[in-house]
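The primary structure of each chain is shown beneath.
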Amino acid sequence: MPTLLRIDSSARQTGSHSRRAGDYFAAQWLARTPGGTVVRRDLSLLPVPHIAPETITGYYTPADQFTPDLAAATALSDSLIAELRAADELLISTAMYNFSVPSALKAYIDQVVRIHRTFSYDGAQFAGLLRTQRATVVVAYGASGYASGGAMAAYDFAAPYLRTVLSFLGVADVQVIAVEATTGSESAVQAATQAAQQRIDTQLAQAA
């Protein structure tokens, strides 16, 4: 049974352009994926705590030296990684806040980027351990010019960061769907939304 793990990170539950695009993607994915299941994790409704010192210690402690305290400190990371590993595809919807990702999404990433679990290092090079073949990142931008090498592209530390992290973890195909000018006029927002939906349709058709 194919599984899509959907992760939403916008602080807004209503009026969120990234969530709206995520809704569209998930609906179209289900329509094209017989027997498919969407598992949703909303980082705004259920925030992931920032990693604690004990969590970091647990990341680098061999299993045979684990203590009950370290097991408790890494339990959430274990659960999130298991959820991520079980996904065949990944969808991340996010707004760009102050040129980067929301802190809620960064907190999640810090819980799942973990040596020996989602990546390895042999002393010379790193290797991703995830077997998720495809990830789609939907990013909503308040202004235009961030995507496709526009005038604001140099200020975009959201999409490049997420692409880098996912590739580092072993995701072979990372696609970015941009929804720009979300603070613009109603017609501009409508045009941006339609353009994003068309890109989603094209991407899903090509992946079929």
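Higher on the page you've got the structure.
Conventions adopted
Residues numbered from 1 in each chain as written. Predicted model: local features only at pLDDT ≥ 70, side-chain atom pairs only at ≥ 80, totals over all residues. Heavy atoms only, no water. Helix = DSSP H or I, 4+ residues; strand = E, 2+ residues; numbered from the N terminus. Rg over C-alpha atoms; globule rule 2.2 N^0.38 Å. Buried < 20%, exposed > 50% of the residue type's maximum accessible area, 1.4 Å probe, protein only. Areas by Shrake-Rupley, 256 points an atom, 1.4 Å probe, with all protein chains shown as cover. Lys, Arg positive; Asp, Glu negative; His and termini not counted. Charge placed at Lys NZ, Arg CZ, Asp CG, Glu CD. Core = buried A, V, L, I, M, F, W, Y, C linked by side-chain atoms within 4.5 Å. Contact = heavy atoms within 4.5 Å. Expected span 1.5 Å × (residues − 1). Arc of directions from axis to C-beta. 1 Å grid on protein atoms, 1.4 Å probe; cavity = no way out; pocket = protein on both sides within 12 Å on 5 of 7 lines; lining within 4 Å. Points joined across faces, edges and corners; volume = space filled by probe spheres on them. Nonpolar A, V, L, I, M, F, W, Y, C, P; charged D, E, K, R; others polar.

Details of the overall build of the protein chain
Looking only at helices and strands, the protein chain features 7 helices and 7 strands. For the protein chain, the C-alpha radius of gyration of 18 Å lies close to 17 Å, the compact-globule estimate for 208 residues. Taken across its 208 residues, the protein chain has 42% of its residues classed as buried. Counting only carbon and sulfur atoms, one obtains 55% of the accessible surface of the protein chain, whose full area is about 10400 Å². Each charge class in the protein chain was averaged separately, 15 positive and 17 negative side chains, and the resulting centres sit 4 Å apart.

Brief notes about the nonpolar core
Among the nonpolar cores identified, the biggest contains 34 residues, and Ile7, Leu90, Leu105, Tyr108, Val139 and Leu166 are the most heavily contacted of them. For this core, the secondary structure elements donating two or more residues are β1 (3–8), α4 (75–85), β3 (89–95), α5 (103–112), β6 (134–140), α6 (159–168) and β7 (173–179). Setting aside its immediate chain neighbours within four residues, Leu90 contacts Leu4, Leu5, Ile7, Leu84, Thr132, Arg134, Ala135, Thr136 and Leu166.

Things to note about helix α7 (residues 186–207)
Between its first and last C-alpha, α7 extends 32 Å over 22 residues, near the 32 Å set by a 1.5 Å rise per residue. Of all the positions in α7, only Val189, Ala192, Thr193, Ala196, Ile200, Gln203 and Leu204 are classed as buried. Relative to the axis of α7, the buried residues are bounded by an arc of 105 degrees and lie together on one face. Exposed side of α7, more than 90 degrees from the buried face: Ser187, Gln198 and Gln206 are the residues found there. On the buried face of α7, the contacting elements are α1 (17–32), β6 and β7.

Structural notes on the layout of surface pockets
Empty space within the largest pocket amounts to approximately 230 Å³. Looking at the lining of the largest pocket, the elements with two or more residues in it are α6 and β7. Considering each element in turn, the lining of the largest pocket owes the most residues, 3 residues, to α6. Grouping the amino acids of the lining of the largest pocket by side-chain chemistry returns 8 nonpolar, 2 polar and 4 charged. Size it by volume and the second largest pocket reaches roughly 150 Å³. Considering the residues around the second largest pocket, the lining is formed by 13 residues, among which Arg12, Ala95, Tyr97, Ala140 and Thr182 are closest to the centre. In terms of residue class, the lining of the second largest pocket is built from 5 nonpolar, 7 polar and 1 charged.

Honestly, that's just the spatial picture; any functional story needs more than this.
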